[in-house]
Amino acid sequence: MERHHHNHVIIIAEAGVNHNGSVDRALEMVHAAAAAGADYVKFQTFKSSDLVSACAEKAEYQKKNCPGCGSTQLEMLRGLELSADAFAMLKRECDAAGIGFLSSPFDSGSIKLLSALDMDFWKIPSGEITNMPYLREVAGMRQPVILSSGMSTLEEVRQAVKILCDGGLTKDRITLLHCNTQYPTPMRDVNLRAMDDLRSLGCGSVGYSDHTPCIEIPIAAAALGATVIEKHFTLDVNLPGPDHKASLIPAELSAMVSAIRNVEMALGGSGKKSVSDSERANIAVARRSIVAARHIAKGELLTADNLAVKRPGTGVSPMLWDEVTGTRAVRDFSADELIEL
């Protein structure tokens, strides 16, 4: 994350397993994410037999979105695995395309595989937040960590952070992502204000991983101060697979990135109320000055009867009204002429 300036929102285009086990499709997704302007494209690295048992059922959304992908998680995930050589190829392709490479490991072997690919940080998925051996191994990499907190209470997040810190990380190197893991997430369950709860844990920063079917929620999260936004995307929402239906197509991803970039610019840096360079010239046009309401002779007493307040704002400010009234005209003034003191 050090590669970006401090107020730049890190946008992670989550390819996940939407390549459907195809290296060619995964490579195409690298270029789609880069073209959309994302900072990173992220995959998932796992060995199915080390991740799930033979009897683990699919989630309800997986059953609905991928009925032909096998009856168990193991059967489904076997068709979504990529080889070690594939991930090395994806890393090289990311480097060539000018986009950061990321992949979330789901087992110890995958951590070791990815450790050789020089990622900028580790992304821990929500399901591993209660996996103590896993958390300890990731912490042992001594690199920045982004931790998703879907399905978690604040206390569970606190415990995970403690394990990471006990393993050698400092809090400032941990970014916490608020997340809801339902695909797609109902709007009533998004709860973006939970980012404030995560901030109370004192980690380096807080972001948001989104599973709603639209782009406005991650944009809102950026407006609320999220420093990292993660969003699933796919090349085709009609492809078979568990996550395609809750993913953006490349054009939508590009629109989201553009909107977040506008939000981060609009948030500004200083937080101080001041006159911007772009509006400074409008002061003379939009503000008012004290002017003569009618002809005023030199020496005449200036009062509410012979003065008015009109544009432009290039003369004496109406904020000096009390200082002007009761004085004598320094010369003759025509109607609408700016008063001089």
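Residues numbered from 1 in each chain as written. Predicted model: local features only at pLDDT ≥ 70, side-chain atom pairs only at ≥ 80, totals over all residues. Heavy atoms only, no water.

Tell me about the overall build of the protein, residues and numbers included.
Within the protein, the regular secondary structure consists of 13 helices and 10 strands. By the compact-globule yardstick of 20 Å for 341 residues, the protein is too spread out, its C-alpha radius of gyration being 29 Å. In terms of overall dimensions, the protein has C-alpha extents of about 100 × 45 × 40 Å along its principal axes. Counting all 341 residues of the protein, 45% fall into the buried class. A separation threshold of at least 6 residues defines the contact pool for the protein, and within that pool the share at least 24 residues apart is 67%. Taken as a whole, the protein presents about 16,300 Å² of accessible surface, with 52% of it coming from carbon and sulfur. Positive and negative side-chain charges of the protein, numbering 35 and 42 respectively, have mean locations separated by a distance of 4 Å. (Helix = DSSP H or I, 4+ residues; strand = E, 2+ residues; numbered from the N terminus. Rg over C-alpha atoms; globule rule 2.2 N^0.38 Å. Buried < 20%, exposed > 50% of the residue type's maximum accessible area, 1.4 Å probe, protein only. Contact = heavy atoms within 4.5 Å. Areas by Shrake-Rupley, 256 points an atom, 1.4 Å probe, with all protein chains shown as cover. Lys, Arg positive; Asp, Glu negative; His and termini not counted. Charge placed at Lys NZ, Arg CZ, Asp CG, Glu CD.)

Provide a residue-level description of the side chain of Asp 107, including the pertinent values.
Following the sequence through the fold, Asp 107 ends up in the loop between β3 (100-105) and α6 (108-115). Buried and unpaired, Asp 107 has Lys 112 as its nearest opposite-charge partner, separated by 8.3 Å. Polar contacts involving the side chain of Asp 107 include one to the main-chain amide nitrogen of Gly 109, which spans 3.3 Å. Leaving out residues up to four positions away in the same chain, Asp 107 has contacts with Thr 45, Phe 46, Lys 47, Asp 50 and Tyr 134. (Salt bridge = Lys/Arg side-chain N within 4 Å of Asp/Glu carboxyl O. Polar contact = N/O pair within 3.5 Å; in protein donor to acceptor, adjacent residues only side chain to side chain.)

Explain unusual backbone geometry to me, using residue names and the numbers behind them.
Along the chain, Tyr 183 connects to Pro 184 via a cis peptide bond; the corresponding omega equals -10 degrees. Topologically, Pro 184 is positioned in the loop between β6 (174-179) and α9 (194-199). Here the amide bond leading from Arg 311 into Pro 312 is cis, since omega sits at 5 degrees, within 30 degrees of zero. If you check the backbone angles, Asn 20 has positive phi at about 60 degrees while not being a glycine. Here Asn 20 shows up in the loop between β1 (10-16) and α1 (23-36). One non-glycine residue, Arg 142, lies in positive phi territory at about 60 degrees. On the secondary structure map, Arg 142 appears in the loop between α7 (132-139) and β5 (145-148). With relative accessibility at 46%, the residue Arg 142 sits in the partly exposed group.

Give me the packing of α1 against helix α11 (residues 250-267): which residues, what numbers.
Contact geometry for α1 and α11: axes closest at 8 Å, N-to-C directions at 35 degrees. Here the hand of the crossing between α1 and α11 comes out right-handed. The residues of α11 that touch α1, namely those facing Ala 32, Ala 33 and Ala 36, are Pro 250, Leu 253, Ser 254 and Val 257. In the contact of α1 with α11, the residues fall into 6 nonpolar, 1 polar and no charged. (Axes fitted to C-alpha atoms, helices over the stretch in contact; angles between N-to-C directions. Left-handed = near helix turned anticlockwise from the far one by under 90°. Nonpolar A, V, L, I, M, F, W, Y, C, P; charged D, E, K, R; others polar.)

Requested: an account of the sheet that holds β3, with residues and values cited.
Within the open sheet, the 8 strands sit side by side as β3-β2-β1-β8-β7-β6-β5-β4. Their pairing is parallel. The sheet terminates laterally at β3 and β4 (122-124), the two strands that pair on one side only. On average, each strand axis in the sheet is inclined to that of its neighbour by 25 degrees, with strand direction left out of account. With 3 bridges joining them, β4 and β5 adopt parallel strand pairing. Counterpart to Trp 122 in the pairing with β5 is Val 145. Strands β4, β5 and β6 of the sheet are contacted by helix α8 (residues 154-166), whose axis makes an angle of about 155 degrees with β6. (Pairing = 2+ DSSP bridges.)

Can you lay out the pattern of salt bridges for me, pointing to particular residues and giving the numbers?
Under the criterion given, the structure shown has 16 salt bridges. In this structure, the salt-bridge partner of Lys 123 is Glu 230, at a minimum N-O distance of 3.0 Å. Of this pair, Lys 123 sits in strand β4 while Glu 230 sits in strand β8 (residues 228-232), and the two are 107 residues apart along the sequence. Glu 230 carries the same exposure label as Lys 123, and that label is buried. Salt-bridge contacts for Arg 261 lead to Glu 264; the nearest nitrogen and oxygen are separated by 3.3 Å. Highlighted residues: Arg 261 and Glu 264, both in helix α11, separated by 3 residues, approximately one helical turn. Residue classification places Arg 261 among the buried positions, given a relative accessible area of 16%.

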